[in-house]
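For reference, the chains in residue letters:
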Amino acid sequence: MTITPQTLTKLETLRKEHLESDLIALIADQYDMTAADAMKLFYSSQLSQQVADGSYGIEQLDARYLLDDLQRYEPQLFRTVNATE
């Protein structure tokens, strides 16, 4: 495989997509919600924008770590979820 700037860009995009899907799956599993509801929750967060932007190299971190971060710094997203449990 020849590594070109285009290849690196494609790999970065793929990594972000997988990280987003891993985070959504973790949210759905941990909070016993549908994938659609987990997607709504994730994409309404500041974290989703940080992942998309590649802020602070955040896209290189583990999904479980980022879920913990999301729960800690954006707890308001989970209030309605916790209220229905």
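Relevant structure appears above.
Described in the following lines is the structure provided in the data block. (Residues numbered from 1 in each chain as written. Predicted model: local features only at pLDDT ≥ 70, side-chain atom pairs only at ≥ 80, totals over all residues. Heavy atoms only, no water.)

Topic: the side chain of threonine 7
In step 1: Mapped onto the secondary structure, threonine 7 falls in helix 1 (residues 5-30).
In step 2: What makes threonine 7 buried here is its relative accessible area of 16%.
In step 3: Apart from residues lying up to four places away in sequence, threonine 7 is in contact with Met1 and Thr2. (Helix = DSSP H or I, 4+ residues; strand = E, 2+ residues; numbered from the N terminus. Buried < 20%, exposed > 50% of the residue type's maximum accessible area, 1.4 Å probe, protein only. Contact = heavy atoms within 4.5 Å.)

With respect to the nonpolar core
In step 1: Among the nonpolar cores identified, the biggest contains 20 residues, and Leu23, Ile27, Met33, Leu41, Leu47, Leu70 and Phe78 are the most heavily contacted of them.
In step 2: The set of elements that each furnish at least two residues to this core consists of helix 1, helix 2 (35-43), helix 3 (46-53) and helix 4 (63-73).
In step 3: If you tally residues by element for this core, the top one is helix 1, at five residues.
In step 4: Sequence-distant contacts of leucine 47, that is, excluding residues within four places in its chain, are made with Leu23, Phe42, Ile58, Leu66, Asp69, Leu70 and Glu74. (Core = buried A, V, L, I, M, F, W, Y, C linked by side-chain atoms within 4.5 Å.)

Topic: the pattern of salt bridges
In step 1: Taken as a whole, this structure holds three salt bridges when the rule is applied.
In step 2: Here glutamate 12 ties to lysine 16 by a salt bridge, and the two come within 3.4 Å at their closest N and O atoms. Placement of both glutamate 12 and lysine 16 in helix 1 is noted, with a separation of four residues, approximately one turn of the helix.
In step 3: Of the residues examined, glutamate 12 reaches a relative accessible area of 41% and is grouped as partly exposed.
In step 4: Judged by relative accessible area, which is 14%, lysine 16 ranks as buried.
In step 5: When the shortest N-O distance is used, the salt bridge between arginine 64 and aspartate 62 registers 3.0 Å.
In step 6: In this structure aspartate 62 comes out as partly exposed when scored by relative accessible area, which is 38%. (Salt bridge = Lys/Arg side-chain N within 4 Å of Asp/Glu carboxyl O.)

A few points about helix 4
In step 1: By the burial criterion, the buried members of helix 4 are Ala63, Leu66, Leu67 and Leu70. Projection of helix 4 onto a plane perpendicular to its axis shows the buried side chains occupying an angular sector of 105°, all on one side. Turned more than 90 degrees away from the buried face of helix 4, the exposed residues are Arg64, Arg72 and Tyr73.
In step 2: By the N-cap criterion, in which a side-chain oxygen at the helix start approaches the backbone nitrogen of a residue two or three places on, helix 4 is capped by aspartate 62, the distance to arginine 64 being 2.9 Å. (Arc of directions from axis to C-beta. Polar contact = N/O pair within 3.5 Å; in protein donor to acceptor, adjacent residues only side chain to side chain.)

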